[in-house]
Structures are given as structure tokens and as C-alpha cells.
Amino acid sequence: MNSKPTVLIAGITGILGSKIALTILEKGVMNVKGLVRSNNINHKKQQQLDDLKAKGVVFVEGDLFDQKSLTEACREVEIIVSAIKGSSSHQTNLYREDIVLSGQLNLLEAAINNNVKKFVPSDYSVDYFKLDLGDNYNLDFRIKFAELLKQSGLEYTFILNGAFTEVQLSPFAKLFDFEVGTFSYWGDGEQPCDFTTYDDTAKYIAEAIADPQMVNEALKVAGDVLTMKQLLATFEEVKGKKLVEKRLGSVDDLKAWIAKTKQKAFCPLEYIPEQYHYTMVSGKGKLDELDNARYPHIQPTTVKQFVSQGNF
């Protein structure tokens, strides 16, 4: 008889969702179900699903806007881990409110109706509890959902890991421009910022959901804490080459730039990268009192190690 609790993962075909599934299975104390939409599976996703299935994931069909399917998917589930990103294929870093907020609320309703014990929302970000609505288009949805989750009566765990290391080294963040050899940032470059890889975030999630004491609170973890100047110096040390350092203005200048761009922007993507940067360089989204020591066997990857591995 299989007495292991079952975890349902929404967003399992995403980068983080698939890593969460594999990490939970490797830990070996829980079963994993994956919520998938049958009409949203291309050849690449099918291969990914086949690989996850071979490792032990059981898939259930469901749609965030089909309450009946969600109710069926949540049967005999103890924990729900949401890793939905809520972005369209054409705007991969623009989150849709109907998915992130409304979709998660539908999943929460199904969880309540099935007596699911715990819900882990799709956060994985800076400390948005310290932000104001309007500071970040994408995180506004997280702020709203978190308050409703707290009121739901279900146990919950928020996972806050700062910025994803992979994203900060990607073109989306607009920090590194490897083609022209520049590193651009706002602020004085001295504000500590939190960086965590996808792999390490998945490890912390797997630990947190199996931790009976990690209930109704936020787990705050970071793989590394560096200022923008330290981030640049780390890259230059590892790669052995210099980049041109470009300070674009003060934090107040950045805030003014975002406000001005919002007024004329056709799409939020025109300012979302800068909004994430603002939460970091202003210190407003900084994780305080990191909980890394709670799970000391996890030795997260530092930025220096990540750059050394050449994973970008």
C-alpha cells in the first residue's frame, strides 16, 4: 500500500515546475501528480512529459478555467505546488492576471473542496510583501493572491528566493550585453541583492513542503547575495575580461523612468524588466533574515560557481 502523500504540481511543463517534480521524486517521500492541458502539448512538451512519467510522475488532465477538471485533479492530493507562470508564448515574461490570479483562485477553490492540506503559490521572487501595488506589474498578482490564500483556511507556504540567477544573466534583465561588452545598472551599485538558481529553488521547495513546521509562513532563501558592482566583478574575475560599467542613474531616476514609460507604453513588457531591477537595487524587495540554515544540507550555487559552469 502506497502511504506517501501526493503533491499536485500546476505548471509542471515549465522550467521550474519540471525541476520541482524531479527534486520531490528524488527526495522519495512523496508522490507527484502533474496537471496538464491535453490541448496544449506540442512535440517538445510531450517528450518532457514522457521523461517525467518515466521517472514516476502521474499526469492528470485539467484546465485552470474548468472547475470540474480541477476538482477531479485535486482528489487524494495533500499538497498543491503552483509553478504556473501565466505568460503567453509570445510574451514569455509578461504574466496574465487571468491565469496567475483567477486561475490560481480556481485551483484554490478546488483544493478547499477536496480538503487539500497545503497550498504553495507560484511566487519564487523577491519579497513582494514589502512592495506596494504598482511597483511590479507581475508581482501585483502575487500580492493579491497571497492575501486571499491567507484568508482561505488552508495551510500555505510562500517561497521567496530573490531573483533567478539565470534570468539576471539573460537579455531580459538588461544587465549584461555581451555583444557590446557592457554592464548596465541603476542606483549606486552598493545595494545587496539576492540570487538563486532554478535548481536550488526547486530543492528548497521540496524541503519546505515536507517540513511539518513550515506552515503559514514564508521561506526566504538565496544562493548568493551580491551588489551590482560585486556581480560585475564576479563575472569579470571568472571570465577574465572586462566589461564597460554603465550607471544609468539613481534609484529615484529609475522610478521616474518607470512612471514615465508606463504612461506611454503599449505593453507592460516595456518596463517590467526595470520594475524587477527596481525591487532589487532599491532594496525594497530584499530578503531579510535568510532561512538557508534551516536546510543546511543544501549548498546552493553561488553566482561565481554558476558563471564558472558557463550555463548561460
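Structural data are supplied above this passage.
Residues numbered from 1 in each chain as written. Predicted model: local features only at pLDDT ≥ 70, side-chain atom pairs only at ≥ 80, totals over all residues. Heavy atoms only, no water.

(A) Molecular detail of the nonpolar core. Formed by 93 residues in total, the largest nonpolar core has its most connected members in Ile20, Val81 and Met228. Per-element accounting of this core gives the leading share, seven residues, to helix H7 (residues 198–210). Residues contacting Met228, with those up to four places away along its chain left out, are Leu175, Phe183, Tyr185, Gly189, Gln191, Cys193, Phe195, His277, Met280 and Val281. (Core = buried A, V, L, I, M, F, W, Y, C linked by side-chain atoms within 4.5 Å. Buried < 20%, exposed > 50% of the residue type's maximum accessible area, 1.4 Å probe, protein only. Helix = DSSP H or I, 4+ residues; strand = E, 2+ residues; numbered from the N terminus. Contact = heavy atoms within 4.5 Å.)

(B) Looking closely at the packing of helix H9 (residues 251–264) against helix H10 (residues 272–281). It is the contact of H9 with H10, at a shortest axis distance of 10 Å, that shows an interaxial angle of 155°. By the criterion of interaxial angle, the relationship of H9 to H10 is roughly antiparallel. H9 and H10 meet at a crossing whose hand is left-handed. Counted together, Val251, Leu254, Lys255, Trp257, Ile258 and Lys262 of H9 and Glu274, Gln275, His277, Tyr278 and Val281 of H10 form the full contact between these two elements. Per-class residue counts for the contact of H9 with H10 are six nonpolar, two polar and three charged. (Axes fitted to C-alpha atoms, helices over the stretch in contact; angles between N-to-C directions. Parallel < 35°, antiparallel > 145°, perpendicular 65-115°, else oblique. Left-handed = near helix turned anticlockwise from the far one by under 90°. Nonpolar A, V, L, I, M, F, W, Y, C, P; charged D, E, K, R; others polar.)

(C) Summary view of the pairing of strand E1 (residues 6–10). In terms of residue burial, E1 counts as a mostly covered element, since five of its five residues are buried. With burial as the criterion, each face of E1 is covered, one bearing Thr6, Leu8 and Ala10 and the other bearing Val7 and Ile9. Inspection of the sheet shows E1 paired to strand E2 (residues 31–36) by five bridges, in the parallel sense. Counterpart to Leu8 in the pairing with E2 is Lys33. With helix H1 (residues 15–27) bridging E1 and its parallel neighbour E2, the resulting β-α-β unit is right-handed. (Pairing = 2+ DSSP bridges. Right-handed = clockwise from strand over helix to strand, strands pointing away.)

(D) Local environment of H7. Along its 13 residues, H7 runs 19 Å from first to last C-alpha, staying within 8% of the 18 Å computed at 1.5 Å per residue. Of all the 13 residues making up H7, ten are buried; the element is thus mostly covered by neighbouring parts of the structure. Within H7 the residues assigned to the buried category are Tyr198, Asp200, Thr201, Ala202, Tyr204, Ile205, Ala206, Glu207, Ala208 and Ile209. (Expected span 1.5 Å × (residues − 1).)

(E) Representation of the pattern of salt bridges in the model. Enumeration over the complete set of coordinates arrives at 15 salt bridges. A salt bridge links Glu72 to Arg75, with the shortest nitrogen-to-oxygen separation between them at 3.2 Å. A salt bridge links Lys229 to Glu245; its shortest N-O distance comes to 2.8 Å. Remark: Glu245 occurs in strand E13 (residues 244–247) and Lys229 occurs in helix H8 (residues 228–239); sequence separation between them is 16 residues. Taking the relative accessible area as the measure of exposure, Lys229 reaches 32% and is therefore partly exposed. The class for Glu245 is partly exposed, based on a relative accessible area of 38%. Among the charged side chains, a salt-bridge network with shared partners connects Asp132, Asp135 and Lys284. (Salt bridge = Lys/Arg side-chain N within 4 Å of Asp/Glu carboxyl O.)

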